[in-house]
Amino acid sequence: DAGVIQSPRHEVTEMGQEVTLRCKPISGHDYLFWYRQTMMRGLELLIYFNNNVPIDDSGMPEDRFSAKMPNASFSTLKIQPSEPRDSAVYFCASSRNSRGAGGYTFGSGTRLTVV
Amino acid sequence: DAKTTQPTSMDCAEGRAANLPCNHSTISGNEYVYWYRQIHSQGPQYIIHGLKNNETNEMASLIITEDRKSSTLILPHATLRDTAVYYCIVRGHNDMRFGAGTRLTVKP
C-alpha cells in the first residue's frame, strides 16, 4: 500500500496563474478530504467527497477554488487565478466510511508558493 | 462537532511518559475522540481513537473519563522522535476539523 499520493510536492507559480493539485487516495477508501495548512489558520478542511460525490464544500475559500473527483482513484484541487495569499501546504487525506472506523491517512502534502 | 481544548505546549523528558490532556465537555454520546500528531512538515498521522473505553495500541494509550468530558493521550516512553504537534479531535460526522493542538517537545 503506497498510501495517499499527492503531486506535485512543491509548486511555485506566479500570481494569476492556474494551479492544479492532484491526489490519489488509498484503494478502497470511500472518503477523500482536502485540507489547507498555514501558520495563521492552522489546518482547515476545504472540501470532502464520499464515493466521488462532494459532500461539504463550505470550507472552500472562494470561487477561485474548485475540486473534482472524477473517479475513485483520483481527485484534483484547482485554483484559478492564484493569489499570494493561497500560499500554503495542501493536504489530501482518505478514509473508510464511518466515524468509528479508524483514522484518516494523509498524503505528504503539496507546498504551494504563489509569488 | 464538539470543541476541544488542549494546552498550547508541553515538555517531556526523554524516556518518561508523556501525558497530553484534552477537554471536550460538550461531547455527545455518539462522538468519538481521535488523536493525531503532526511532525514538522509532514502530514498528520493517526494515533488512536475511542468512544467510551480506554484504548491501547502500539503507539499510545487513550484514557477517557467516565463522563467522557475529557481524555488523556499517554505516550509511555517518549523519545525525541515523538516531538510533534498533537491534535485531539471529537468526531461526530465523517469529516474532522483540527484545532491548534499541543506542541510536545521531548527533551534529552
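These remarks concern the structure in this document. Keep in mind the model is a prediction, meaning the values are calculated, not measured.

A word on the environment of Thr 76 of chain A. All names here are of chain A. The topology assignment puts Thr 76 in strand 8 (residues 74–79). Accessibility expressed as a relative area gives 14% for Thr 76, which makes it buried. If sequence neighbours within four positions are ignored, Thr 76 has contacts with Thr 20, Leu 21, Arg 22, Trp 34, Ser 66, Ala 67 and Lys 68.

Turning next to the interface of chain A and chain B. Chain A puts 22 residues into the contact, and the matching count from chain B is 20 residues. Summed over both partners, the interface of chain A with chain B comes to about 1700 Å²; 49% of that surface belongs to carbon and sulfur atoms. Taken together, the connections running from chain A to chain B amount to 1 salt bridge. With a closest N to O distance of 3.2 Å, Asp 56 of chain A and Arg 97 of chain B form a salt bridge.

We now examine the layout of surface pockets. Within this model, the largest pocket holds a volume of roughly 640 Å³. Lining the largest pocket are 25 residues, with Gln 37 and Met 39 of chain A together with Gln 38, Tyr 87 and Arg 103 of chain B sitting closest to its centre. Elements supplying a minimum of two residues to the lining of the largest pocket: strand 4 (31–38), strand 5 (42–50), strand 9 (88–95) and strand 11 (110–114) of chain A together with strand 8 (84–91) of chain B. Taken together, the residues that form the lining of the largest pocket break down as 11 nonpolar, 12 polar and 2 charged.

The rules behind each value
Residues numbered from 1 in each chain as written. Chains lettered and ligands numbered in written order. Predicted model: local features only at pLDDT ≥ 70, side-chain atom pairs only at ≥ 80, totals over all residues. Heavy atoms only, no water. Helix = DSSP H or I, 4+ residues; strand = E, 2+ residues; numbered from the N terminus. Buried < 20%, exposed > 50% of the residue type's maximum accessible area, 1.4 Å probe, protein only. Contact = heavy atoms within 4.5 Å. Buried area = accessible area lost by both parts, 1.4 Å probe. Salt bridge = Lys/Arg side-chain N within 4 Å of Asp/Glu carboxyl O. 1 Å grid on protein atoms, 1.4 Å probe; cavity = no way out; pocket = protein on both sides within 12 Å on 5 of 7 lines; lining within 4 Å. Points joined across faces, edges and corners; volume = space filled by probe spheres on them. Nonpolar A, V, L, I, M, F, W, Y, C, P; charged D, E, K, R; others polar.

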